[in-house]
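An overview of the molecular structure
Here are the chains, one letter per residue:
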Amino acid sequence: VQLVESGGGLVQPGGSLRLSCAASGFTFTRHTMSWYRQAPGKERELVAAIDGAGGSTNYADSVKGRFTISRDNTKNTVYLQMNSLKPEDTAVYYCRAVVPPSIYWGQGTQVTVSS
C-alpha cells in the first residue's frame, strides 16, 4: 500500500488549497479514506473521511462548511478542498487508509496559513 499526498504550501488567511492523495496497492473503491492533520505540539486529529463509494462523508466541527472531501475512484485519488483557511489550520496533513489488518499513512504535506 502506498499513499502519496501533494498540494500543500503557504497560503494567506482566507485563501484556498486542494490536497490530493494518490493511492495504490489495494482495492481503492472498497475502503474509506480519511484526512488527518497534526499541528506542532498537538495530537493528530481527524479532519474528514469519505466512504468507498463517495456517498458518505464526515467532518471535524472545526472545518465544516470550509473543507470538502471527495474522491475519484477512476484515479484512485482522494482530495481535500480547503477554503477560507485560517492560521489555526496550519499543520501537516496526512492521508490515511484502513486496509485490515493494517492502517496506512502517507508521508504528509505541510499546510501553512499565514500573512
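Our subject is the structure listed above.
The structure reproduced in this document is the subject of the present report. It should be emphasised that the depicted structure is a prediction, and the values quoted were computed from it without experimental measurement. (Residues numbered from 1 in each chain as written. Predicted model: local features only at pLDDT ≥ 70, side-chain atom pairs only at ≥ 80, totals over all residues. Heavy atoms only, no water.)

1. Focus on the packing of aromatic side chains
The relation between two aromatic rings is expressed through the spacing of the ring centres and the mutual angle of the planes. Operational definition: Here is the rule: rings of Phe, Tyr and Trp (six-membered ring for Trp) pair when centre to centre is within 6.5 Å. Planes less than 30 degrees apart are stacked, more than 60 are edge-to-face, and the remainder are tilted. For every residue, the accessible area (1.4 Å probe, protein chains only) is compared with the maximum for its type, and the residue is labelled buried under 20%, exposed over 50%, or partly exposed between those bounds.
One pass over the structure, following the stated rule, counts three aromatic pairs. Ring geometry for Phe26 and Phe28: centres 6.2 Å apart, planes at 55°, overall tilted. Summarising the burial analysis for this pair, Phe26 and Phe28 share the class buried. With a centroid separation of 6.3 Å and an interplanar angle of 90°, the aromatic rings of Tyr94 and Trp105 are classed as edge-to-face.

2. A few points about the nonpolar core
For soluble globular proteins, the rule of thumb is that nonpolar side chains tend to be buried together. Operational definition: We define a nonpolar core as any set of buried Ala, Val, Leu, Ile, Met, Phe, Trp, Tyr and Cys residues linked to one another through side-chain atoms lying within 4.5 Å. Secondary structure elements follow DSSP: runs of H or I of four or more residues count as helices, runs of E of two or more count as strands, with numbering from the N terminus.
Judged by nonpolar contacts, the single largest core of 29 residues is most densely connected at Met33, Trp35, Val78, Leu80, Met82 and Tyr93. When residues of this core are traced back to their parent elements, those giving at least two are strand E3 (17-24), strand E4 (33-38), strand E5 (45-50), strand E7 (67-72), strand E8 (77-82), strand E9 (91-99) and strand E11 (109-113). At five residues, the largest contribution of residues to this core is made by E9.

3. Considerations on the pairing of E8
Going by this rule: Two strands make a pair as long as DSSP finds a minimum of two bridges between them.
Along E8, five of the six residues are buried, which leaves the element largely enclosed by surrounding structure. In this structure, E3 lies alongside E8, joined through six bridges in antiparallel fashion. If you follow Ala22 over to E8, its bridge partner there is Thr77. Where E7 and E8 come together, six bridges link them in antiparallel fashion. Considered in E8, the bridge of Phe67 is made with Met82. In sequence, E7 turns back onto E8 through a hairpin of four residues, with Asn76 there showing a positive phi of about 50°.

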